[in-house]
Amino acid sequence: MTAEEFVRRLGEEHQTLLKRLDPAATLTPEVSGDLTVVNLLKVALKNEIEATEIAARWLVTTDDVDVKMAFARQAGDEAKHYRMIADRLRELGFDARGFNPIAKGYGPLFKYLDGLESTVERVAAGQFTREAIAVVKNRQFIEFCDRAGDKGTATLYRDVIEPDERFHHELGRALLLRYATSPEAQERARRAAARTLALAEELQATALAAAGVHHAPGC
Ligand SMILES: [Fe+2]
Ligand SMILES: [Fe+2]
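J.: Whenever I open this one, the coordination of the iron ion (ligand 1) confuses me. Can you help?
T.: Tetrahedral coordination by four donors puts the ideal angle at the metal at 109.5 degrees, and octahedral coordination by six puts it at 90 or 180 degrees. Distances from the iron ion (ligand 1) to its protein donors, Glu48 (OE), Glu48 (OE), Glu78 (OE), His81 (ND1) and Glu165 (OE), fall within 2.0 to 2.7 Å. Written as a sequence motif, the donor arrangement for the iron ion (ligand 1) is E-x29-E-x2-H-x83-E. A separation of 3.9 Å is found between the iron ion (ligand 1) and the iron ion (ligand 2), which are bridged by Glu78. A residue pair is termed long-range when its members are at least 10 positions apart, and Glu78 in helix H3 (residues 65-91) and Glu165 in helix H6 (residues 151-179) qualify at 87 residues. Note on Glu78: relative accessible area 0%, which makes it buried. Classification of Glu165 as buried rests on a relative accessible area of 0%.

J.: Sorry, what's going on with the packing of helix H5 (residues 119-148) against H6 here?
T.: The relative placement of two packed helices is expressed as an angle between their axes plus a distance between the axes. Running from N to C, H5 and H6 point in directions that differ by 160°, and their axes come no closer than 8 Å. Considering their axes alone, H5 and H6 lie roughly antiparallel with respect to each other. Every pair of crossing elements has a handedness; the one defined by H5 and H6 is left-handed. Broken down by class, the residue content of the contact of H5 with H6 amounts to 17 nonpolar, seven polar and eight charged.

Here is what the cut-offs are and how they apply
- Residues numbered from 1 in each chain as written.
- Chains lettered and ligands numbered in written order.
- Predicted model: local features only at pLDDT ≥ 70, side-chain atom pairs only at ≥ 80, totals over all residues.
- Heavy atoms only, no water.
- Donors = N, O, S within 2.8 Å, 3.2 Å for Na, K, Ca; no water.
- Helix = DSSP H or I, 4+ residues; strand = E, 2+ residues; numbered from the N terminus.
- Buried < 20%, exposed > 50% of the residue type's maximum accessible area, 1.4 Å probe, protein only.
- Axes fitted to C-alpha atoms, helices over the stretch in contact; angles between N-to-C directions.
- Parallel < 35°, antiparallel > 145°, perpendicular 65-115°, else oblique.
- Left-handed = near helix turned anticlockwise from the far one by under 90°.
- Nonpolar A, V, L, I, M, F, W, Y, C, P; charged D, E, K, R; others polar.

Structure follows, in structure tokens:
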């Protein structure tokens, strides 16, 4: 099929699957124990640093100028998110200086993405899919912040972070249109996207079981 057809279908499949990450039934969670905006923002710092680093690693291992600059833009945005979230944490009473979100190591999604070597897999997994997941998770997080009465954090996500993540998804779409042009490339892209979604679901299930977290913001 054409790249246009492939990307359109992949996007539609994602929307169907992402509804599973979109727990409408649990959107009125009991906010108890450790499920606080501050703790969720600490999870967000880890996601932002991982997203920054993946994009930075990928930008130095491609010769395609458009791909290089797309990853550079993403790395810059994710680093900006990190700083804005750290600033917000300080306003909320948590000093993120000296806090190392990756002190316990990188997560499974980072490790999977880091192993991807072809551009078509990277843009399918790291941008087109991961960023579509981020948009869904950030919307849930914004609702969580609204319910918790945290206008400042909700506004930061609504006005800056969520639109940036959406833009990263669109960068992924534009590059997929250029790279997913053969049956082989489309198959690799499909597999990488599916694995990313599966990992996101696993991570979400683990977080839900461990801490009742289903709103942790994404990148
Ligand atoms: Fe981000
Ligand atoms: Fe992003």
